[in-house]
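# Working through the structure, step by step
What follows is each chain in one-letter form.
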Amino acid sequence: MNRIALLPALLLASFVHHDIVAATGGTKTKTVDAEAKMFTMSAGYERFMGRWSRILAPAFVAFAGVKDGDRVLDVGTGTGALASALEAVVKSGEVVGIDPSEGFISYAKKNAKSGRSRFEIGDAQALQFKDGSFDQTMALLVMNFIPDHNKAIAEMRRVTRPDGVVSACVWDYNAGMQMLRFFWDEVVALDPAMAPKDERHMKLSREGQLAELWKKAGLMNVQEKPLVIDQAYTSFNDYWEPFLKGAGPGGAYVVSLSEDRRQQLEDRIRKRLLGDRGDGAFVLKVQAWCVRGEVPKSARS
Ligand SMILES: C[S@@+](CC[C@H](N)C(=O)[O-])C[C@H]1O[C@@H](n2cnc3c(N)ncnc32)[C@H](O)[C@@H]1O
């Protein structure tokens, strides 16, 4: 099977641990279709999560310690938020973004700001690069979506040169991600059967979990740190529309609901975000756990 033919399977496999089946108003097939699409609709993704990634990316680049002249691999580049922040720092190096989603890769290519970045279809679990070919290998909001994260971290270490840095961030889905926390709290209040699907159970999203994975992979001088950012929303629709378009696991759930059920959920979330104001601007805060570690000087360590 060629890599393009593998894509639908890869995308579905990424979310096997998130096989949301709507308890009300949707069939399993309908929900699985929505899940398969959730990371392929670039414009919806940008309004949903890309807007957060673009704020977080420069702080992540600084934390990882990327320098001008570095050759950097952006694993799970999506629509290219991290690659674009990297271009601002890496004036004379190269940024390579890989992602299994064809739609995301073509969006990232179209929106690249310079000839210093290139984008390819690829899978973190089987990177198509030579050993030690990058100074920095980074994954922004990706590790939790990779079915075999142990394989991915081994691959990320392999393609990074000795003394180079491997780094990642994952949202603190439990308590520190207001944008999704408010959503899932209201989903579960309305439909307790959805509790196991609440993204608070997302792997690698709690303090210490990324650091443990990095140490297990043999990376040195491992540091983990929370990065906190704010996002301003202009109105309730500014927040809600991406969910209606099926973005992310939450959006996959929303599009699987009957109209009545969707309206009930919308009313609860509107109240949670705006109280009695009905509509207006508001600000949400989110936290990500970020980790960095160095590849040992001797590749065999
Ligand atoms: C939440 S998005 C993050 C995208 C981007 N890094 C950002 O911060 O906006 C998760 C990304 O992981 C990608 N992904 C899922 N499984 C993957 C895998 N096995 N290898 C590489 N990327 C993967 C998805 O296609 C999606 O683009």
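Calculation rules
- Residues numbered from 1 in each chain as written.
- Predicted model: local features only at pLDDT ≥ 70, side-chain atom pairs only at ≥ 80, totals over all residues.
- Helix = DSSP H or I, 4+ residues; strand = E, 2+ residues; numbered from the N terminus.
- Buried ≥ 20, exposed ≤ 12 C-beta atoms within 10 Å, placed from the backbone.
- Axes fitted to C-alpha atoms, helices over the stretch in contact; angles between N-to-C directions.
- Left-handed = near helix turned anticlockwise from the far one by under 90°.
- Contact = placed C-beta atoms within 7 Å.
- Nonpolar A, V, L, I, M, F, W, Y, C, P; charged D, E, K, R; others polar.
- Pairing = 2+ DSSP bridges.
- Right-handed = clockwise from strand over helix to strand, strands pointing away.
- Core = buried A, V, L, I, M, F, W, Y, C linked by C-beta atoms within 7 Å.
- pLDDT = per-residue confidence, 0-100.

Bringing the overall build of the protein into the picture now. Within the protein, the regular secondary structure consists of eleven helices and seven strands. Within the span of the protein, comprising 301 residues, buried residues form 46% of the whole.

Next up on the list: the packing of helix α9 (residues 236–244) against helix α11 (residues 259–274). Two numbers describe how α9 lies on α11: the axes approach to 11 Å, and their chain directions differ by 145°. Viewed along their axes, α9 and α11 form a crossing whose handedness is right-handed. Contacts between α9 and α11 involve Phe 236, Tyr 239 and Trp 240 from the former and Glu 266, Arg 270, Leu 273 and Leu 274 from the latter. Tallied by class, residues from the contact of α9 with α11 come to five nonpolar, no polar and two charged.

Take Ala 81: it is sitting in helix α4 (residues 81–89). For the pair formed by Ala 81 and Arg 51, sequence separation is 30 residues and the distance between their alpha carbons is 8.4 Å. Aside from chain neighbours lying at most four places away, what touches Ala 81 is Gly 50, Ser 53, Arg 54, Ala 57 and Leu 140.

This part takes up the pairing of strand β5 (residues 160–171). Extensive coverage of β5 is indicated by the burial of nine of its twelve residues. Note: strand β4 (residues 134–140) against β5, six bridges, orientation parallel. Paired with Met 138 across the bridge in β5 is Ser 167. Taken together, β4, helix α6 (residues 149–158) and β5 constitute a β-α-β crossover, and its handedness is right-handed. Alignment of β5 against strand β7 (residues 282–294), held across seven bridges, turns out to be antiparallel. Following the sheet pairing, Val 166 is matched in β7 by Gly 293.

The next thing to look at is the sheet that holds strand β1 (residues 71–75). Ordered by their spatial adjacency, seven strands build an open sheet running β3-β2-β1-β4-β5-β7-β6, and the pairing between neighbours is mixed. The open sheet terminates on both sides in strands that have one partner only, identified here as β3 (117–121) and β6 (220–233). In this sheet, neighbouring strand axes are inclined to one another by 20° on average, regardless of whether the strands run parallel or antiparallel. Seen against the sheet, helix α3 (residues 42–64) touches β4, β5, β6 and β7 and runs at an angle of roughly 150° to β6.

Once that is clear, we can look at the packing of α3 against α4. With their axes 8 Å apart at the nearest point, α3 and α4 run at an angle of 40° to one another. Of the two elements, α3 crosses α4, and the hand of that crossing is right-handed. Contacts between α3 and α4 involve Gly 50, Ser 53, Arg 54, Ala 57, Pro 58, Phe 60 and Val 61 on the former and, on the latter, Ala 81, Leu 82, Ala 85, Leu 86 and Val 89. A per-class count over the contact of α3 with α4 returns nine nonpolar, two polar and one charged.

Now for the nonpolar core. Among the nonpolar cores identified, the biggest contains 79 residues, and Leu 140, Cys 169 and Val 170 are the most heavily contacted of them. If one sorts the elements of this core by residue count, α3 sits on top with nine residues. Among all residues touching Leu 140, those that are not within four sequence positions of it are Ser 53, Leu 56, Ala 57, Phe 60, Ala 81, Leu 82 and Cys 169.

A few words now on the environment of Met 156. You can see Met 156 is positioned in helix α6. Judged by the 26 C-beta atoms lying within 10 Å of it, Met 156 is buried. With 30 residues separating them along the chain, Met 156 and Ala 126 place their C-alpha atoms 9.3 Å apart. In this structure, Met 156 is in contact with Val 75, Ala 124, Thr 137 and Val 166, ignoring residues within four places of it in sequence.

The next thing to look at is α4. The periodicity of an α-helix, 3.6 residues per turn, causes residues three or four places apart in sequence to face the same way. For α4, the set of buried residues is Ala 81, Leu 82, Ala 83, Ser 84, Ala 85 and Leu 86. Where α4 is buried, its residues meet α3, β1, β2 (94–99), α5 (102–111), β3 and β4.

Here the focus is α6. Listed as buried for α6 are His 149, Ala 152, Ile 153, Glu 155, Met 156 and Arg 157. On its buried face, α6 sits against β1, β4, β5 and α8 (209–216).

Attention now moves to unusual backbone geometry. Although it is not a glycine, Asp 163 sits at a positive phi angle of roughly 75°. Within the element layout of this structure, Asp 163 appears in strand β5. Taking the C-beta count within 10 Å as the criterion, Asp 163 has 12 such neighbours and is therefore assigned exposed.

Moving on to the confidence of the model for the protein. Atom-level detail of predicted coordinates should not be read off regions where pLDDT is low. Within the protein, residue pLDDT values average 87, and 85% of them lie at 70 or more. A low-confidence stretch, residues 1–36 stays under pLDDT 50, and its non-local contacts, those more than four residues away or across chains, total 59 contacts.

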